[in-house]
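Residue-level listing of the chains:
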Amino acid sequence: MKRIEFESRTKELIDDLKNVCASYGLGNDGNEFKIITQCFLYKFLNDKFVYEIKKESEALKAAGADWEAVLAAMPEEERDFLLMGLPATTAVIREDHYISSLYQKQNQDDFAEIFDNTLTDIASDNSDLFSVVTNGGEKVVLFERLSRYVTDDRDGFCRAIINKLAGAFSFEHIFGEGYDFYATIFEYLIKDYNTNSGGKYAEYFTPYAVSKIMARCLVQGENVRNVTCYDPSAGSGTLLMNLAHQIGEDNCSIYSQDISQKSSNLLRLNLILNNLVHSIPNIVKGNTLKDPYHKEGTRLRKFDFIVSNPPFKLDFSDDHEALSAETHHQRFFAGIPNIPKSKKESMAIYQLFLQHIIYTLGPTGKAAIVVPTGFITAQSGIDKKIRQRLVKDKMLAGVVSMPSNIFAATGTNVSILFLNKENKEEVVLIDASNLGTKLKVDGNQKTVLSHEEEERIIHTFIQKEAVDDFSVVVSYKDIADKNYSLSAGQYFEVKIEYTDITHEEFEAQMAAHKQTLNGLFADSRDLEEEIEKQLEGLRYE
C-alpha cells in the first residue's frame, strides 16, 4: 500500500467515525471531538502494540493475522517476557482489550458497558505514561466512558464504533514503512474541532507555512541535542511538532501548558502520533500566566527553545489583581495592560505571554513568537517597553512581517518575532507582506505562500541578506535611532532615479508642463466664476 493510499484510507476511517456520531445525534455536538479523537487513538495504540509485539517474536510475525492465537498459546512466562521487551513508549494492551476481542463480544448483553470498561482499563493500565497533569496535580487519563454521551441505544452506538475500527486497515504497515504523514492526518482529524466554538479561549490552528518558517529559522542545521522546547500556549501543538521534527524527536523534550483541556488532549494525541510519547508527562493543563507550572526548585524553568502563537486579545480582568502582585513584577517587567471600562475582551494578553517567554528563555535560548504586526511599530506603552528591553539586552534576532490573511480565521496582520540570546550584532528585518496568493477557504480570505516563497524567507533570514524592498540588516543602534521600530519598510532606502536628457528635451518637457498647468488654472477660474454665480442666485425663503 502506498503512502497516498494509507492517507486516503485513514481519512476514510475518520469520516466513518464522524458518520457514526451523526447517526446517533452527535454530529457537531460539543462532545463529538472527544469520541472521534479517543476512538482514533484506541485504534492507533492497538495497532502500534501489535506492530511492536510482532517485532519481538518471529513466530508472531510469521502468524500474520492469526498472531493472537499464537500469542494465546504461548506459556505465560514467554508472553510476559515479550511484553517486557516492548519499547517504554508503547501502550500495554491486555488480550481481552484488543479491538478484535471487543469485536467478538459485540453481541453480548450490555456491550456498551464492556466497551467503556475496556477503554478505561487501558487508560488505567497506562496512566503513568499517557496521562496529562493539571496545575493541581490531577491526572487527565487517556480514555473516558464514551457511551455516556449517547442517550438512546448505547449498545448499538458502541457496536457501530467497534465495527468501523475492526473493519479498517491496520496501521501496522505504516509503522513498518516509516511513512511520516501524521501532521496531515492530525490536521484532518481535528479540523472541525480546533476552532473558537464560542468558548473563552480561541484556538487557532497555526498554518503549516508559519510553523515551518519558525522552526527552520530557529534550528539552522546545528547539531542540537538534549534540548528543551516549550510553548506556554500550545493549543494542539503544531508549532512544537514542527520544532521537534527539525531538531529530531530523540534530541528534545517537549514542555507545554495550556488552560484548555481540549488543547491538552489534542496535544497529547499529536505527541503520540509523532513519536514523542516521552514528553507527555510535561504536558500540563493550567493557567500559564497566573500559575506557571514548570519549575526548577522554586524558580521558573528556563528553556532552550520556545515557540508560541499566543492569543492576542482576551478578557483577563478577573486575574488582573493576581498578575499585578509583586511576585510577578520581574516576569512582567514592562507592565500589565489596564482594565478598560468597556470591551474587556480586547485586553492585549499577548503582551503578558511575550514577557513570560522572554523571562523563561534560557541563557543561550532562542524563541519565535507570532505577534500582531502593530506590536513592531507601537510608539508607546508596553509594546515599546518590550522592544526596548530586547534591544538593550541584545537578544533580538529578527522580524518577519507576514502577508495579510495568512491565518484564515483572523484578519489581523501578524509578524514573527525571533529572539536569540546569543545574537549580539546584526538584526534582520523582512517585509514578506507582498508575497503569497489570495484564496477563498471556507468563505474566508486566505493567503497561501508557495514553497519557493517560504524558502526565500528562510534563506534571507538565515543568511541575513539585505534585498531591495524585501529585507534589511540593521544594528541595535539603528533600531534605537528609529524609535525602536522593527518594521523593515522604515529602513528601506528612498531611491531617486536620474535620467540624462538633452537641452531640447528639457525645454520641451517644461513647455508641456506649463501648458498642462495653464489648462488647470483656466479650469480653476471657470469653476470659481461658476460657484460665485450660483451663490448670487441663492435667496432666503
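Bear in mind the structure is a predicted one, so any value in this text is a computation, not a measurement.

A few words now on the overall build of the protein chain. When helices and strands are counted, the protein chain shows 20 helices and 15 strands. Each of the three principal axes of the protein chain carries a C-alpha extent, and together these read 105 × 60 × 55 Å. A buried classification covers 49% of the 541 residues belonging to the protein chain. Partitioning the intrachain contacts of the protein chain with sequence separation of at least 6 by distance along the chain shows that 75% fall at a separation of at least 24. For the protein chain, the accessible area works out to roughly 26900 Å², and carbon and sulfur atoms hold 46% of it. Taking the average location of the 59 positive side-chain charges in the protein chain and that of its 81 negative ones, the two points are 5 Å from each other.

Turning our attention to the pairing of strand β9 (residues 361-372). The element β9 is extensively covered by neighbouring structure, given that ten of its twelve residues are classed as buried. Bridge analysis of strand β8 (residues 303-308) against β9 gives five bridges, and the strand direction is parallel. Bridge pairing links F303 to L361 in β9.

Spatially, eleven strands are ordered β2-β1-β5-β4-β3-β8-β9-β11-β10-β12-β15 in an open sheet, and the strand pairing comes out mixed. Each having just a single partner strand, β2 (139-140) and β15 (471-474) make up the two edges of the open sheet. Where β9 meets strand β11 (residues 414-420), seven bridges bridge the pair, whose relative direction is antiparallel. When the bridges of β11 are listed, I369 appears paired with L417.

Under the defined criterion, the tally for this structure stands at zero disulfides. Sulfur of C39: no disulfide; nearest cysteine sulfur belongs to C21 and is 7.0 Å away. On the basis of relative accessibility, which here comes to 2%, the residue C39 falls in the buried class. Lacking any disulfide linkage, C229 is separated from the closest cysteine sulfur, that of C252, by 4.5 Å.

An α-helical segment advances 3.6 residues per turn. Residues three or four places apart therefore align on the same side. Most of helix α12 (residues 208-218) is tucked away: nine of the eleven residues are buried. Where α12 is concerned, the buried positions are A209, V210, S211, K212, I213, M214, A215, C217 and L218. Those residues of α12 hidden inside the fold are in contact with α13 (238-247), β8, β9, β11 and α18 (451-463).

Enumeration over the complete set of coordinates arrives at three cavities of 30 Å³ or more. In this structure, the largest cavity spans a volume of roughly 120 Å³. Lining the largest cavity we find F33, K34, T37, Q38, L41, L142, N265, L266, R268 and L269. Going through the elements one at a time, α2 (32-56) and α14 (261-273) are the ones with two or more residues in the lining of the largest cavity. For the lining of the largest cavity, the residue count by class is five nonpolar, three polar and two charged. Roughly 60 Å³ of internal volume is contained in the second largest cavity.

The rules behind each value
Residues numbered from 1 in each chain as written. Predicted model: local features only at pLDDT ≥ 70, side-chain atom pairs only at ≥ 80, totals over all residues. Heavy atoms only, no water. Helix = DSSP H or I, 4+ residues; strand = E, 2+ residues; numbered from the N terminus. Buried < 20%, exposed > 50% of the residue type's maximum accessible area, 1.4 Å probe, protein only. Contact = heavy atoms within 4.5 Å. Areas by Shrake-Rupley, 256 points an atom, 1.4 Å probe, with all protein chains shown as cover. Lys, Arg positive; Asp, Glu negative; His and termini not counted. Charge placed at Lys NZ, Arg CZ, Asp CG, Glu CD. Pairing = 2+ DSSP bridges. Disulfide = S-S within 2.5 Å. 1 Å grid on protein atoms, 1.4 Å probe; cavity = no way out; pocket = protein on both sides within 12 Å on 5 of 7 lines; lining within 4 Å. Points joined across faces, edges and corners; volume = space filled by probe spheres on them. Nonpolar A, V, L, I, M, F, W, Y, C, P; charged D, E, K, R; others polar.

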